[in-house]
Amino acid sequence: MIDKKTLLASLLGAFVVLPLPALAQDSSSDSDPVTLRMAYDADPVSLDIHEQLSGGILQLSHLTHDPLVRWTKDVKFEPRLAANWERIDDKTMRFTLRDGVKFHTGNDFTAEDVVWTINRLKRSADFKAIFDPIASANAIDEHTVEIKTHKPYPLVLNLATYIFPMDSEYYSGKTEDGDPKDEIVKNGDSFASRHSSGTGPYEVVSRQQGVKVEFERFDDYWDKDSPGNVERLVLTPIGENATRVSALLSGDVDFIAPVPPNDLERVKADKNVELTTMSGTRIILMQLNQKRVEAFEDPRVRKAFNYAVNQQAIADRLMKGFATPAAQLSPKGYDGYNDSLEPRYDVEKAKELMKEAGYEDGFSVTMMAPNNRYVNDAKIAQAVATMLSRINIDVDLKTLPKAQYWGEYDDRAADIMMIGWHADTEDSANLYQYLTECPDPETGAGQYNAANYCNPEIDEKVAQANIETDRDKRAKMLQAVEKALYDDAAFMPLHWQDLAWAAKKNVKLEPVVNVMNFPYLGDLVVEQ
Amino acid sequence: MIAFLIKRLMHAFVVMFVISVISFAIQSNLGDPIQQMVGQSVPESQRAELREELGLNDSFLVQYGRFATNALQGDFGYSYFFNEPTTEVIQRHLPATLELVIAATLIIVVFSVPIGVYCAIRPRSALSRFFMSVSIIGISIPVFLTAIMLIQLFAIGVDFSPFPVDTGWGQWLNGVLSTEGGMPSYGRGNDLTHLFGTWDSNFFSLDGLTYLVLPAVSLASIMLPLFIRLIRAEMLEVLQSEYVKFATAKGISLKRIYFVHALKNTMLPVITVGGVQLGTMVAYTILTETVFQWPGMGLMFLEAIQRSDIPLIVTYLMIVGLIFVVTNTLVDLVYGLINPTVKLTGKPA
């Protein structure tokens, strides 16, 4: 912190300016531990990393725990607690665990902890679904675990990024009140929501929900090669975008995320602060409901809608270049990403298609979008509505706060609805499973398919890809699915939201960021 | 007096009952709390289970009945987000808000009385005109804008250089216009003094006070101009009255007339308005606290709305209702003390 002799002009509204004695702020002395003060838009809801599947909890997981493997910047796997792994057969994967790893309590990390953690994940309401393919986990010896799946399953490593082993000894037994220490409680108190022991780089030293969480570096952290030098972390939630940016610019915090797009220029222009961006993996799309609007059953109409929307303009002007225009669901780096697909934009072509389909004079539709869920969501919806008016579509748009929006979304309350999706498994098949498969309440397929689009042929292709363990073959299959969806104009893809972080110049953020939107702060270097 | 208090107590009950019914009735429009509690990919069956567990499928009357029965025993339910009893959550957030309101009130009292009186005594002076015109601007600027401007000016700092930098006078003028920043932009800081219970105070250390300045000033900014104008108007009227003229004729010193005789009568309506506005100020803390990330009740309430944390919303509204009733009762009592001719309802004539 810079030493300031601030002319603390105490003011009265904004009208009487009285010079008061200068207030000097304490500057940290050199002997202080390296501290990173960071501000996020929210703090983790719980210390129990299995209570909720959300960005905030995953960020916490990477601080207090370590996964078996983690994603690198270019969406590859990097060994963490699993030193290496091999596929034994179609249904079995064997992980060799790192030796000499300790939990925060001092307990040794063993294969039993991994097995215990996987079993707990299968009990968690939020994680249950993604761990469903796993049949069992067995400890072969102290440092070897075998994970078996029900069917041949290609994504075991993807799931392993979610396995943050917990200290099974610490969470065994009962609390004074007689509740099991390992119980997962969504609404109410539990041992695990207030206590934490993992193998991660940081230990929680204090936590005041909604105010701040303080972490300290774990002395016996296994990764001695990590360049990370931050000894203390203070996480403060600042929900208000303008305040979060101000806190960084005024030097009250060292690192903020997310950076609101309206302030990107301001942050970039500041000479004390560095902006780090990278293209993200969250797709923003519009779904055309075929059940509500007969015209949407005609692929020509769906294509016409796609041709009418100028994704590039939305990305450039509305998002200020803070988005990558999309023609498909899978972002670059995913196996299903098909580089031959280009965004459609051609108003003339759109008009032609509408004429061909017999809707030259257009029709009226309703549209709904959230107004505080995705970056610029309401503005994007307005832009799309305006663009559609060029093919004589009259859009009645309603935007709602997210708390209300999802209820309407579940009711499929409008003809066109906006949704953003990030694949929990960082895999294309997850996108199809939730967004384009024929809706089936039994299996949960198509849970977010508000288009009610249904093409069993495509679903069959996805199912085949999901039991193909040869990654190259599987990638080809998924790319074919992406092409088929594009040809059928199953939805209106808009863009992938970019990710942005901002920090002071001496915080070397660039090497630790990744598409998962939680920088690996354990490896963060802060220059003194 | 006792009859009056009992009557007011009953008012409080009615007010809180009505608030609880209304806030319960609107909860279906506040969104689905389950949505906020689970990840996006959680299947519908899991959600239904959780909804059943929380009793959200019961009818309005059943839910309200359950809430009212528990509330009468002092149990206002569990916050969905904090996983704690709502009363504990509010207890933890209340001191921060009270401190902010106290600090803002101090600013208002310290500045509005002298300025208001001055503007009434010297209505035509340039300074009075300046105060009056600026106070109009003050009233019209919304509190969040004031807050953001304050942050920009005094936390981040602004560099203005419209004047030539290579001249001495230009540099001096630029220096006057520019600000260096350095004030804390958010939160309450670390240097808090523990008083009792959940109350940690910003008032007892210099560092703590620096955190309080900007939020308190922005909160005060909305009421201060109002009070200056109110005091000025009342004072002008009092100064026209017969007894002031008589006192002047009698040769009593102007100082005594202004500050003892006139001011006392000026303050009567000011206190009434002040009491009502104190409650309003609690409501304005929602905006101020959000901008400054001040960990008080206002911020907590706004976040509770975003999270559809219904038990917490209901409890907050009831407590704010209680604060309104209590402040108004106190105002009535104080009013009786200042002006003995005022009779409290229920007091035998």
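Throughout what follows, the structure given in this document is the object of discussion. (Residues numbered from 1 in each chain as written. Chains lettered and ligands numbered in written order. Predicted model: local features only at pLDDT ≥ 70, side-chain atom pairs only at ≥ 80, totals over all residues. Heavy atoms only, no water.)

1. So, the overall build of chain A
Inference 1: Across its full length, chain A carries 14 helices and 23 strands.
Inference 2: Relative to the 2.2 N^0.38 estimate, which gives 24 Å for 528 residues, the radius of gyration of chain A is 25 Å and therefore close to what a compact globule would have.
Inference 3: Burial statistics for chain A: of 528 residues in total, 59% are counted as buried.
Inference 4: Contacts in chain A between residues far apart in sequence, at least 24 positions, make up 70% of those at least 6 positions apart.
Inference 5: For chain A, the computed accessible surface area is about 21000 Å², with 45% contributed by carbon and sulfur atoms.
Inference 6: For chain A, the centre of its 59 positive side-chain charges and the centre of its 85 negative side-chain charges are spaced 3 Å apart. (Helix = DSSP H or I, 4+ residues; strand = E, 2+ residues; numbered from the N terminus. Rg over C-alpha atoms; globule rule 2.2 N^0.38 Å. Buried < 20%, exposed > 50% of the residue type's maximum accessible area, 1.4 Å probe, protein only. Contact = heavy atoms within 4.5 Å. Areas by Shrake-Rupley, 256 points an atom, 1.4 Å probe, with all protein chains shown as cover. Lys, Arg positive; Asp, Glu negative; His and termini not counted. Charge placed at Lys NZ, Arg CZ, Asp CG, Glu CD.)

2. Focus on the interface of chain B and chain A
Inference 1: Contact residues are listed per partner, giving 62 residues for chain B and 57 residues for chain A.
Inference 2: Three residues stand out in chain B for area buried against chain A, namely Gln40, Ser41 and Tyr186 of chain B, and they jointly supply 14% of the buried area on that side.
Inference 3: The interface formed by chain B and chain A holds zero salt bridges in total.
Inference 4: Inspection of the region where chain B meets chain A yields seven residue pairs in polar contact (both at pLDDT 80 or more). (Buried area = accessible area lost by both parts, 1.4 Å probe. Salt bridge = Lys/Arg side-chain N within 4 Å of Asp/Glu carboxyl O. Polar contact = N/O pair within 3.5 Å; in protein donor to acceptor, adjacent residues only side chain to side chain.)

3. Remarks on the side chain of Glu214 of chain A
Residue and element names in this part refer to chain A.
Inference 1: In this fold, Glu214 is placed in strand E13 (residues 212-217).
Inference 2: Residue classification places Glu214 among the buried positions, given a relative accessible area of 16%.
Inference 3: A polar contact is formed between the side chain of Glu214 and the side chain of Arg232, at a distance of 2.6 Å.
Inference 4: Residue contacts for Glu214: discarding those within four places in its chain leaves Glu203, Val204, Val205, Ser206, Arg232, Leu233 and Val234.

4. A short note on helix H7 (residues 143-156) of chain B
Inference 1: Here H7 of chain B spans 19 Å end to end across 14 residues, near enough to the 20 Å set by a 1.5 Å rise per residue.
Inference 2: Turning to H7 of chain B, its buried residues number three or more, namely Val143, Thr146, Ala147, Leu150, Ile151, Phe154, Ala155 and Ile156 of chain B. (Expected span 1.5 Å × (residues − 1).)

5. Digging into a nonpolar patch on the surface
Inference 1: Side chains of Met1, Ile2, Leu5, Ile6 and Met10 of chain B sit close together on the surface and give an oily, nonpolar patch of about 510 Å² of accessible area.
Inference 2: Among the residues examined, Leu5 of chain B registers a relative accessible area of 37% and is labelled partly exposed. (Patch = residues over 30% accessible without salt bridge, like charges linked within 9 Å, V, L, I, M, F, W, Y side chains within 5 Å.)

6. Section: the pairing of strand E5 (residues 35-40) of chain A
All names here are of chain A.
Inference 1: Pairing analysis gives six bridges linking E5 to strand E14 (residues 232-237), with the strands arranged parallel. The residue of E14 that forms the bridge with Thr35 is Arg232.
Inference 2: The sheet contact formed by E5 and strand E15 (residues 255-257) spans three bridges and is parallel. The partner of Ala39 across the bridge, within E15, is Ile256. (Pairing = 2+ DSSP bridges.)

7. Things to note about the pattern of salt bridges
Once the charged atoms of two side chains with opposite charge are near each other, the side chains can pair.
All names here are of chain A.
Inference 1: Under the definition given, this model contains 25 salt bridges over all chains.
Inference 2: Of the charged contacts in the structure, one is a salt bridge between Asp182 and Arg123, with a shortest N-O distance of 3.6 Å. Of this pair, Asp182 sits in the loop between helix H3 (156-160) and helix H4 (191-194) while Arg123 is found in helix H2 (residues 111-123), placing the two residues 59 residues apart along the sequence.
Inference 3: Look at Arg123 and you get partly exposed, because its relative accessible area is 45%.
Inference 4: Here Asp335 makes a salt bridge to Arg471, at a shortest N to O gap of 3.1 Å. In this pair, Asp335 sits in the loop between strand E17 (323-325) and helix H9 (347-356) while Arg471 sits in helix H14 (residues 471-488), placing the two residues 136 residues apart along the sequence.
Inference 5: Taking relative accessible area as the criterion, Arg471 reaches 43% and is therefore assigned partly exposed.
Inference 6: Taken together, the salt bridges that share partners define one network made up of Asp335, Asp427, Arg471 and Arg474.

Don't take any of this as a statement about function, it's just geometry.
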